[in-house]
Amino acid sequence: LADSLRKFETDELPLRLAQHLKNPNSRKSVAPWNTLAFTSTKSSGGATFTPQPDGSLLAGGVNPRSDIYTFVAVTHLTGITAVRLEALSDPSLVKGGPGRAANGNFALTDFKVAAAPLHLPGRVVELKLVRPRADFEQAGLPVAAAIDADPKSAWAIDPQFGKTHAAAFDLEAPAGFGEGTLLTFTLKFENNTGHGIGRPRLSITSAPTSPALSAPSRPERVSALLSDPNLDFATLPAADREILIDWFKESDAEWMRLNALVQAHLAQMPQPALQKMMICSEGVAAIRNNTQGGDFLEQTYFLRRGDVNQKDGVASQGFLQVLMPVPEAEKRWQVAPPAGAHTSYRRRSLAAWMTDADAGAGALLARVAVNRLWQHHFGRGIVGTPSDFGTQGDKPSHPELLDWLASELVRSGWRLKPLHRLMLTSAAYLQSAADNPAQSKLDPLNQLCWRFTRRRLEAEPVRDALLAVSAMLDPQMFGPGTLDEGMKRRSIYFTVKRSRLIPSLMIFDAPDALISLPVRSSTTIAPQALLLMNNDHVREYARALAHRIAGKPDAAPTEAVTTGYLLTLSRPPTAQELADTLAFLQAQTASYKAAGQPNPSELALNDFAQVLLGLNEFLYIE
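In what follows, the accompanying structure is described. (Residues numbered from 1 in each chain as written. Predicted model: local features only at pLDDT ≥ 70, side-chain atom pairs only at ≥ 80, totals over all residues. Heavy atoms only, no water.)

### Describing the overall build of the protein chain
- Across its full length, the protein chain carries 18 helices and 17 strands.
- Computed over C-alpha atoms, the radius of gyration of the protein chain comes to 35 Å, more than 25% over the 25 Å expected from 2.2 N^0.38 for 622 residues, which places it beyond the range of a compact globule.
- The principal-axis extent of the C-alpha atoms belonging to the protein chain is close to 100 × 75 × 50 Å.
- If you take every contact in the protein chain between residues at least 6 apart in sequence, the share linking residues at least 24 apart comes to 64%.
- Working note: accessible area of the protein chain is about 35600 Å², and carbon and sulfur atoms make up 56% of it.
- One way to put it: in the protein chain the 63 positive side-chain charges average out to a point 1 Å from where the 62 negative ones average out. (Helix = DSSP H or I, 4+ residues; strand = E, 2+ residues; numbered from the N terminus. Rg over C-alpha atoms; globule rule 2.2 N^0.38 Å. Contact = heavy atoms within 4.5 Å. Areas by Shrake-Rupley, 256 points an atom, 1.4 Å probe, with all protein chains shown as cover. Lys, Arg positive; Asp, Glu negative; His and termini not counted. Charge placed at Lys NZ, Arg CZ, Asp CG, Glu CD.)

Right under this line is the structure:
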């Protein structure tokens with residue numbers, strides 16, 4: 001459908017427009033309102049504006065407590081007599097808008113227009129607005145409040161949500177400069193929380209009598225082109241042809257038919273389940289949680305004896321002196337916020353210091369990071385105390401290797417995946433886990449990496465591996481967490497609630513998230529085996545794995561056994577294992593049949609799958 005619409009717009013629509021323009025009567029009608037195109041859009045609260053085909057701006061991003069929209073447009077119209085502000089409804093807004101408030105309302109507290117000659121933009125003159133009118137006014141919040149002296153009075157439209165509304169303001173004196181005019185529109189929303197307009201559109205007119213609020217409009221450039229008696233579509237610049245096509249297509253019956261088909265099909269698109277998240281950061285509207293005072297601390301003070309009432313000077317941003325080469329070196333990383341910034345840029349400065357490998361903390365940070373990666377893959381870090389690189393911590397077993405890995409991390413742009421790949425393909429990682437009595441006597445803790453240290457998977461990968469081999473793992477990323485132990489997503493999506501920790505993870509030594517844990521313990525206790533034998537979820541995974549390895553109904557048991565070993569242990573069974581497994585399946589099938597159980601062979605295969613999931617070889621890396 002989209003291809004058909006694009007083909008029509010490319011091949012047919014320009015021809016139809018050219019034919020339409022040849023008829024003199026087609027250019028006689030003049031739209032009362034001229035829609036403005038903006039050269040600059042700004043929100044003081046950090047909202048974003050996306051231009052729409054009809055000349056409106058769709059607000060998005062953060063919805064601040066209060067906001068000031070500043071729109072700048074260039075016009076060549078002279079004798080401007082009135083301005084129209086439209087608040088258009090949109091399906092992306094709450095209740096269709098037209099406001100951004102939680103109920104779809106808006107509250108315009110102040111509306112101003114300023115003009116300046118295009119070649120002298122500094123010579124700004126504020127235009128006096130008179131005779132305000134609107135198609136609807138909320139009780140007690142009339143449109144006249146948008147141009148009065150009260151900074152809190154406002155124009156609003158409750159309860160008429162989900163509808164497009166418009167207001168118009170006459171100019172006390174006609175405006176516009178012959179060489180072009182720079183118009184600046186200022187819209188303030190300071191009456192209520194988050195009450196900005198969601199999709200504004202601005203138009204102007206030079207008609208001696210202000211047109212009706214519902215009168216049609218079209219882009220000012222289109223009006224200028226259509227007023228040219230010598231208009232020749234074929235010789236127009238590409239930009240002007242595109243402007244005319246965008247205007248004309250909205251009235252072409254065939255384009256409207258094809259576009260309606262596209263939009264109807266897009267309406268059937270599956271929509272993601274959106275979740276509201278709490279974001280706390282500089283530059284983001286604060287969420288008040290029973291706090292007082294400002295949303296953010298503008299300055300930090302030295303306090304005598306920690307007393308907030310005994311301030312002893314402003315504390316400027318600094319960094320650990322032991323990781324700075326010279327006094328006052330912090331100026332190397334401090335960044336002054338640019339004009340109009342909504343953040344202090346102190347976090348940016350901190351990040352710059354932390355990642356500066358030459359003069360800041362970057363060299364230490366890189367060593368600590370790669371040591372953690374090494375610990376994750378080898379069971380023990382090159383420095384055995386991952387949270388203490390100081391004089392009280394262990395010395396590195398391979399200092400040159402630690403430095404080289406740190407330099408590789410910095411060289412690769414601080415990306416971790418190349419370091420993971422490097423370690424997992426190294427000769428040290430690919431060693432056998434077999435013991436050597438002589439070497440074990442010299443280095444019992446394997447600090448020198450003379451063999452691979454056999455170790456059990458951590459709690460989360462144990463569960464994830466069970467789901468993966470049973471083909472039940474849900475690969476969906478992102479979204480909210482859960483406390484439901486039966487969920488099929490990766491274990492990282494469990495919600496951490498101190499009073500309701502996940503039992504199956506705790507049995508395999510998952511931390512309780514109350515304190516920092518540089519190294520996880522790895523215990524071997526009976527409940528771990530009992531969980532793999534009796535847990536309902538594990539039994540469910542086993543049934544799914546059995547179904548996966550069963551193959552075709554007429555497949556030989558040998559094929560199922562071999563497939564099971566390959567999926568869980570990444571190797572085929574030995575001759576002895578194959579013989580033992582076939583004998584086990586035969587005995588279990590006979591037992592279930594004697595007990596009168598339906599599908600005895602299927603139940604026996606379920607048992608075999610559960611045995612595979614409980615093997616040390618499945619749960620351990622070696």
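### A look at the packing of helix α7 (residues 362–378) against helix α8 (residues 399–411)
- Taken N-terminus to C-terminus, the directions of α7 and α8 make an angle of 105 degrees; their axes are 8 Å apart at the nearest point. The pairing of α7 with α8 is recorded here as roughly perpendicular in orientation. Two secondary-structure elements touch here, α7 through A366, R367, A369, V370, N371 and W374 and α8 through L401, L402, D403, L405, A406, L409 and V410.
- For the contact of α7 with α8, a count of residues per class yields ten nonpolar, one polar and two charged. (Axes fitted to C-alpha atoms, helices over the stretch in contact; angles between N-to-C directions. Parallel < 35°, antiparallel > 145°, perpendicular 65-115°, else oblique. Nonpolar A, V, L, I, M, F, W, Y, C, P; charged D, E, K, R; others polar.)

### Some thoughts on unusual backbone geometry
- Note the cis peptide between G97 and P98, where omega equals 10 degrees.
- In this structure, P159 follows D158 across a cis peptide bond, with omega equal to 15 degrees.
- Within the fold, P159 resides in the loop between β9 (129–134) and β10 (165–175).
- One non-glycine residue, W414, lies in the positive phi region at around 65 degrees.
- Here W414 lies in the loop between α8 and α9 (417–424).

### Structural notes on the sheet that holds strand β7 (residues 110–117)
- Spatially, the five strands line up as an open sheet ordered β2-β5-β11-β7-β8, and their pairing is antiparallel. Of all the strands in the sheet, the pair left with one neighbour each is β2 (38–43) and β8 (125–127). Across the sheet, the mean angle separating the axes of adjacent strands is 20 degrees when strand polarity is ignored. (Pairing = 2+ DSSP bridges.)

### Overview of the sheet that holds strand β13 (residues 217–219)
- Spatially, six strands are ordered β9-β10-β6-β12-β1-β13 in an open sheet, and the strand pairing comes out mixed. Pairing within the sheet leaves two strands with one partner each, and these edge strands are β9 and β13. Strand-to-strand, the axes of this sheet are offset by a mean angle of 30 degrees, without reference to chain direction.

### Comments concerning the side chain of R199
- Examined against the element boundaries, R199 turns out to sit in the loop between β11 (181–189) and β12 (200–205).
- Of the residues examined, R199 reaches a relative accessible area of 13% and is grouped as buried.
- In terms of polar contacts, R199 uses its side chain to reach the side chain of D90, at 3.0 Å.
- Residues within four places of R199 in sequence aside, it is in contact with Q52, D54, S56, L57, L58, E86, A87, L88, S89, D90, L93 and P98. (Buried < 20%, exposed > 50% of the residue type's maximum accessible area, 1.4 Å probe, protein only. Polar contact = N/O pair within 3.5 Å; in protein donor to acceptor, adjacent residues only side chain to side chain.)

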